[in-house]
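# Analysis of the macromolecular model
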Amino acid sequence: MSVIKWQTAYEIGIPKVDAQNREFVELINKLELVAYSKHAETVVEEVLIGLVDHIRYHFPVEERVMAENQYSQIDRHAELHLEFAHKVAQLLRKLKENSYVPVQDVLPYLKSWLVSHILREDTKLRIFASSEMFK
Ligand SMILES: [Fe+2]
């Protein structure tokens with residue numbers, strides 16, 4: 001596997017959302033970089049805790065953009081956010097209970113979710129980038 005390289009295709013054009021999505025990518029890349037080392041399991045916990053924190057401020061920002069622009073698919077998008085938040089919480093719970101979650105159970109899921117979510121869902125918010133509120 002390899003790190004996710006930020007691409008212009010991931011950009012929505014709303015600086016705050018793009019900056020936070022870049023942070024999202026960096027957080028997951030942090031795990032990729034140590035995935036095959038002896039530090040992998042420690043970093044799994046660190047990254048999951050980091051994700052809980054990140055999604056706590058990032059998802060509401062996106063959802064606010066949608067609400068303020070009366071985006072018709074807001075409920076579906078918020079549901080996808082909620083599902084991801086639950087999955088991250090579940091992985092973290094599993095890790096606390098068993099004091100171990102293999103990196104292979106975490107990393108492929110996080111990478112594919114993030115890339116497909118940004119490309120298929122977040123980029124739909126591009127239509128709001130030209131809105132007066134983001135100038
Ligand atoms: Fe999103």
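Above this text you will find the structure in question.
Here goes a summary of the coordinates provided. (Residues numbered from 1 in each chain as written. Predicted model: local features only at pLDDT ≥ 70, side-chain atom pairs only at ≥ 80, totals over all residues.)

Moving on, we come to the overall build of the protein chain. When helices and strands are tallied, the protein chain shows four helices and zero strands. Its helices and strands in sequence order give the protein chain the pattern α-α-α-α, from N to C terminus. Expected size for 135 residues packed as a compact globule is a radius of gyration near 14 Å; at 16 Å, the protein chain falls within 12% of this value. In terms of its C-alpha atoms, the protein chain occupies a principal-axis envelope of roughly 50 × 25 × 20 Å. (Helix = DSSP H or I, 4+ residues; strand = E, 2+ residues; numbered from the N terminus. Rg over C-alpha atoms; globule rule 2.2 N^0.38 Å.)

Below, the discussion takes up the nonpolar core. The biggest cluster of nonpolar side chains holds 14 residues, and the ones touching the most others in it are Ile 28, Leu 31, Val 44, Val 47, Leu 48 and Leu 114. At the level of elements, α1 (15–34), α2 (40–68), α3 (74–98) and α4 (103–120) are the ones that each hand at least two residues to this core. Take this core: its biggest share by element is five residues, from α2. Excluding its chain neighbours within four sequence positions, the residues that come into contact with Leu 114 are Phe 24, Val 25 and Ile 28. (Core = buried A, V, L, I, M, F, W, Y, C linked by C-beta atoms within 7 Å. Buried ≥ 20, exposed ≤ 12 C-beta atoms within 10 Å, placed from the backbone. Contact = placed C-beta atoms within 7 Å.)

Okay, α2 next. With 29 residues, α2 extends 40 Å from end C-alpha to end C-alpha; this agrees with the ideal 42 Å at 1.5 Å per step. At Ile 55, α2 is bent by approximately 30 degrees, the largest bend along its length. If you check which residues of α2 are buried, you get Val 43, Val 44, Val 47, Leu 48, Leu 51, Glu 62 and Val 65. Its buried side turned inward, α2 meets α1, α3 and α4. One or two positions beyond α2, positive phi appears at Gln 70, with a value near 50 degrees. (Expected span 1.5 Å × (residues − 1). Bend = angle between axes of the 7 residues up to and from the residue.)

Let's shift gears to α3. Over its 25 residues, α3 extends 36 Å from the first C-alpha to the last, a length consistent with the 36 Å expected when each residue adds 1.5 Å. Remark: Ser 99 follows α3 within two positions and exhibits a positive phi of approximately 50 degrees.

Here α1 crosses α4 at 155 degrees, and the two axes come no closer than 10 Å. As summarised for this structure, α1 and α4 are arranged roughly antiparallel, according to the angle between their axes. The way α1 lies across α4 gives a crossing that is left-handed. Between α1 and α4, the residues in contact are Asn 21, Phe 24, Val 25, Ile 28, Leu 31 and Glu 32 and Val 103, Leu 107, Leu 110, Lys 111, Leu 114 and Ile 118, respectively. A breakdown of the residues in the contact of α1 with α4 according to their chemical character gives nine nonpolar, one polar and two charged. (Axes fitted to C-alpha atoms, helices over the stretch in contact; angles between N-to-C directions. Parallel < 35°, antiparallel > 145°, perpendicular 65-115°, else oblique. Left-handed = near helix turned anticlockwise from the far one by under 90°. Nonpolar A, V, L, I, M, F, W, Y, C, P; charged D, E, K, R; others polar.)

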